[in-house]
Amino acid sequence: MLTVLAGLGLGLSLIVAIGAQNVFVLRQGLRREHVLPVVVICAVSDAVLIAAGVAGLGYIVQQAPWLVTIARWAGAVFLVTYGVMAARRAWRGDGSLQVDASPSSAGLSTADAGAASAPTSGGTATMTRTRLAPVIGTVLALTWLNPHVYLDTVLMLGSVAATHGEERWLFAAGAMTASVLWFAGLGLGARHLGRWLRTRRAWRMLDAGIAVVMVVLGVGLVLPVLGG
């Protein structure tokens, strides 16, 4: 159970960071347009990437157990660094999210977002409905053409999962669950979350929480090594 929760915590910490994919999911949620396909594509893509990372690194670790120690230290350094960066964002308060930003700032083409108008005070918008095909193409591009997804989801999360030995798939299950919960909450709950997530104070609190989780997980990775 602790392994599943560790995967859930790390998965949420990695996926919650503000990025083009999250902006797009939130935007679709605010538009109430093709939300379910977008959520499913994001969650399934994450599951595939997580499974690939865990399966590949799991085999390598079986052939070279000493890589576990390297993975622990590399993962710890990454997690603590990521946590410090999140804490810095929380302190400076520079992580606010603008859903109605220009198409280029969210990684969207002008054709995909040209029909959008600014959100109303209620947190929703009146827009011309976009066809499903361009929406699917955009979310696939934002997911699979993002270099950070291979660094974070495949290499980073796979490395941390490998340190859990035979329980690495439980860790992966926790991380996959985090993806489902986040994307479902972000997309399907956007009507209620949109206004809250646009405030600077909300993202400061979110970044502060991410910082705590990342540092705690990072220190926990190397405690077994330091304890002998």
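Residues numbered from 1 in each chain as written. Predicted model: local features only at pLDDT ≥ 70, side-chain atom pairs only at ≥ 80, totals over all residues. Heavy atoms only, no water.

(A) Summary view of the side chain of Ser179. Within the element layout of this structure, Ser179 appears in helix α8 (residues 168–188). A polar contact of 2.7 Å, which involves the side chain of Ser179, links it to the side chain of Asp46. Once residues lying within four places of it in the same chain are set aside, the contact partners of Ser179 are Ile15, Asp46 and Ile50. (Helix = DSSP H or I, 4+ residues; strand = E, 2+ residues; numbered from the N terminus. Polar contact = N/O pair within 3.5 Å; in protein donor to acceptor, adjacent residues only side chain to side chain. Contact = heavy atoms within 4.5 Å.)

(B) Main features of a nonpolar patch on the surface. Together, Trp73, Val80, Val84, Val215, Val219, Leu223, Val225 and Leu226 make up a nonpolar patch on the protein surface, roughly 640 Å² of accessible area in all. When contributions to the nonpolar patch are tallied by element, the ones reaching two or more residues are α4 (67–92) and α10 (200–226). Per-element accounting of the nonpolar patch gives the leading share, 5 residues, to α10. Of note, Val215 is situated in helix α10. On the basis of relative accessible area, Val215 is assigned to the partly exposed category, the value being 31%. (Patch = residues over 30% accessible without salt bridge, like charges linked within 9 Å, V, L, I, M, F, W, Y side chains within 5 Å. Areas by Shrake-Rupley, 256 points an atom, 1.4 Å probe, with all protein chains shown as cover. Salt bridge = Lys/Arg side-chain N within 4 Å of Asp/Glu carboxyl O. Buried < 20%, exposed > 50% of the residue type's maximum accessible area, 1.4 Å probe, protein only.)

(C) How the structure looks around the environment of Ala74. Structurally, the position occupied by Ala74 is in helix α4. Each C-alpha atom of the pair Ala74 and Val222 lies 9.7 Å from the other, and the pair is 148 residues apart in sequence.

(D) Looking closely at the packing of helix α2 (residues 20–31) against helix α6 (residues 132–144). Their axes nearest at 9 Å, the elements α2 and α6 cross at an angle of 155 degrees. When the interaxial angle is binned, α2 and α6 end up roughly antiparallel. For the pair α2 and α6, the crossing hand works out as left-handed. Between α2, through Ala20, Gln21, Phe24 and Gln28, and α6, the contact on the second element is made entirely by Val135, Thr138, Val139, Leu142 and Thr143. Here the contact of α2 with α6 is composed, by residue class, of 5 nonpolar, 4 polar and no charged. (Axes fitted to C-alpha atoms, helices over the stretch in contact; angles between N-to-C directions. Parallel < 35°, antiparallel > 145°, perpendicular 65-115°, else oblique. Left-handed = near helix turned anticlockwise from the far one by under 90°. Nonpolar A, V, L, I, M, F, W, Y, C, P; charged D, E, K, R; others polar.)

Any functional reading would require information that these geometric values do not contain.
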